[in-house]
Amino acid sequence: MSKVYVDAQAYRAIEKGAMIVFKKGVIRTEGEIKPGDIVEVYSRGGKFLGKGFVNPNSNIMVRLITKDRDVEINKELFKERIRKANEYRKKVLGYDKAYRMVYGEADYLPGLIVDRFNDIASLQISSAGMERFKLDVAEAILEVEPEIETVFEKNTGRSRRREGLPEIERVLLGKEKYRTIIEEGKAKFIVDMRGQKTGFFLDQRENRIALEKYIKGGEKVLDVFTYTGGFAIHAAVAGAEKVIAVDKSPSAIEQAKENAKLNGVEDKMEFIVGSAFGVMEKLQKKGEKFDIVVLDPPAFVQHEKDLKRGLRAYFNVNYQGLKLVKDGGILVTASCSQHVDMQMFKDMIIAAAAKAGKFLKLIEPYRTQAPDHPILMASKDTEYLKCLFLYVEEMK
């Protein structure tokens, strides 16, 4: 078996529990190494650290699967890991029908994400090695959770392209099924496998439900980057009088309209297809003010080199959003950029508030992704979502 030797920093990270090795941490290799091969990983001094999938063409060069030399990487191992991950969600967290079943390295399966929506599992693979085992993984999912009847392969996006993998969307195993309806708090949502990501953004679940308690009845709410209506539907169902939902994707807005009808709140809602900045500027010119403004943009920072530009984009979005919150209103703002940590995010929103002439009070604990997207304490890469609930007052 080929070998990869890592530097002291990567060695310490692995010893603490990290499951990935970046290319910059590799000092040398032995033997032929092709994308998707299984390799053994060693410290500079020759200490065995683990084995996993390698891709010399990727920034993440090795994804460790096991730290035990004697463990075989095969379907039985994947099945046991998936079983434990599923059991954790159901028994410890209490999730039942709609949840992230496997979250990559946080479940010791780096390069694999599985979302469950009732009897459909959405499979997303971002590793050349895991790609070789995807049929084994799909079979293991059906064996672990008998209520699941369809495994949909949602293998698209930047992570696939970075690994040199083809983009594929199809039913991989089981019944030909694409849509289902899930329940979340007081709301219901249509999940379509042919939408973005794995079909639905489960990571904001607890944050969307938390919004409901701030709706006392009669509020006017703006939800920017609404996608299929997540925060907007929760606000309307909880009793908001008027909700404006904005997204640049016409297909996402069409599904948001379906979700509004499903929940019986279409009369309360107005949908706008357009860019966030353009729509918010028009609302400001009209003198609009909202009791609650929600900002849940896509990741503006995909790579560390984009940090400065991405933080500027977050600043601009939040500055515009703050100008639309009435005195005594609430801003809910989020970032799903892994490279933007909570302190950076706080500093950005403080600066945006100062420019907008607003004081901010934190009214919820610092919120992050739903617990079915577990944060592995030894791996910063598993923590990405930040969400702040802020009480907004005018500086006078």
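What counts, and at which threshold
- Residues numbered from 1 in each chain as written.
- Predicted model: local features only at pLDDT ≥ 70, side-chain atom pairs only at ≥ 80, totals over all residues.
- Heavy atoms only, no water.
- Helix = DSSP H or I, 4+ residues; strand = E, 2+ residues; numbered from the N terminus.
- Rg over C-alpha atoms; globule rule 2.2 N^0.38 Å.
- Buried < 20%, exposed > 50% of the residue type's maximum accessible area, 1.4 Å probe, protein only.
- Contact = heavy atoms within 4.5 Å.
- Domains from an automatic or database assignment.
- UniProt positions renumbered as here; feature names shortened; annotations may be inferred.
- Arc of directions from axis to C-beta.
- 1 Å grid on protein atoms, 1.4 Å probe; cavity = no way out; pocket = protein on both sides within 12 Å on 5 of 7 lines; lining within 4 Å.
- Points joined across faces, edges and corners; volume = space filled by probe spheres on them.
- Nonpolar A, V, L, I, M, F, W, Y, C, P; charged D, E, K, R; others polar.

**Topic: the overall build of the protein chain**
Working step 1: Helix and strand content of the protein chain: eleven helices and 20 strands.
Working step 2: Taken over C-alpha atoms, the radius of gyration comes to 22 Å for the protein chain, in line with the 21 Å a tight globule of 396 residues would show.
Working step 3: Expressed as lengths along the three principal axes of its C-alpha atoms, the size of the protein chain is roughly 65 × 45 × 35 Å.
Working step 4: The buried share among the 396 residues of the protein chain stands at 56%.
Working step 5: For the protein chain, restricting intrachain contacts to residue pairs at least 6 apart in sequence, the fraction spanning at least 24 positions comes to 65%.

**Section: the domain arrangement of the protein chain**
Working step 1: Here the domain parsing of the protein chain yields domain 1 (3-66), domain 2 (75-177) and domain 3 (203-394).
Working step 2: Placing the centre of domain 1 and that of domain 3 at their C-alpha centroids yields a distance of 38 Å.

**A look at the UniProt feature "domain: PUA" (unreviewed entry) in the protein chain**
Working step 1: UniProt tags residues 2-87 as "domain: PUA" (unreviewed entry).
Working step 2: Structurally, residues 2-87 comprises 26% helix and 37% strand, and the distance from its first C-alpha atom to its last is 34 Å.

**Brief notes about helix H4 (residues 134-144)**
Working step 1: When H4 is considered as a whole, its buried residues turn out to be Lys134, Val137, Ala138, Ala140, Ile141 and Val144. Taken end-on, H4 shows its buried residues confined to a sector of 160°, consistent with a single buried face.

**Details of empty space enclosed by the protein**
Working step 1: Throughout the structure, instances matching the rule amount to one cavity of 30 Å³ or more.
Working step 2: Of the volumes computed, that of the largest cavity is approximately 40 Å³.
Working step 3: Lining of the largest cavity is provided by Gly36, Phe53, Val54, Asn55, Ile60, Met61, Arg63, Ser127, Ala128, Gly129 and Glu163.
Working step 4: Elements supplying a minimum of two residues to the lining of the largest cavity: strand S5 (48-54), strand S6 (60-66) and helix H3 (128-132).
Working step 5: Ranked by residue count, the leading element in the lining of the largest cavity is S6, at three residues.
Working step 6: Of the residues that constitute the lining of the largest cavity, the class distribution is five nonpolar, four polar and two charged.
Working step 7: Both domain 1 (3-66) and domain 2 (75-177) contribute no fewer than three residues apiece to the lining of the largest cavity.

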